[in-house]
Amino acid sequence: MGKISKEEVKHVAKLAELEISAGEIEKITSKLDKILDYVAEVSSVDTKDITPVSHVIDIKNVLRDDVVKESLSQESALKNAPEEEDSGFKVPRID
């Protein structure tokens, strides 16, 4: 006997608002049984001594130190602006 019944497949299809033929129900039930068997096999592996990870390789962020330094003056920042308004860049309005 399989782990999932045809009635359960029909019920899930109804919840998902899917129209499934009788032949498709047979195929889906069989495939879901195989999937559930595989999940059971994988679940039976002892993983208590394995550390959970988010990546299979060791990944580290490479960040530079955050150092405070002199920034541009407002005058320097605006010197190449085609137009300025209210001490800032003037840009065309987008509708």
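Going by the structure above, here's the rest.
Calculation notes
- Residues numbered from 1 in each chain as written.
- Predicted model: local features only at pLDDT ≥ 70, side-chain atom pairs only at ≥ 80, totals over all residues.
- Heavy atoms only, no water.
- Helix = DSSP H or I, 4+ residues; strand = E, 2+ residues; numbered from the N terminus.
- Buried < 20%, exposed > 50% of the residue type's maximum accessible area, 1.4 Å probe, protein only.
- Salt bridge = Lys/Arg side-chain N within 4 Å of Asp/Glu carboxyl O.

**Structural notes on the environment of Val-39**
Relative to the helices and strands, Val-39 is located in helix H2 (residues 22-43). On the accessibility criterion, Val-39 (42% relative accessible area) is partly exposed.

**Some details on the pattern of salt bridges**
Evaluated as defined, the whole model comprises 6 salt bridges. Glu-83 is the salt-bridge partner of Lys-90, the closest N and O atoms lying 3.9 Å from each other. For Glu-83, a relative accessible area of 46% translates into the label partly exposed. Arg-93 is the partner of Asp-95 in a salt bridge, and the nearest nitrogen-oxygen pair spans 3.0 Å. For the pair Asp-95 and Arg-93, one class covers both residues: exposed. A network of salt bridges, in which partner residues are shared, links Glu-83, Glu-85 and Lys-90.

All we've got here are geometric facts, nothing functional implied.
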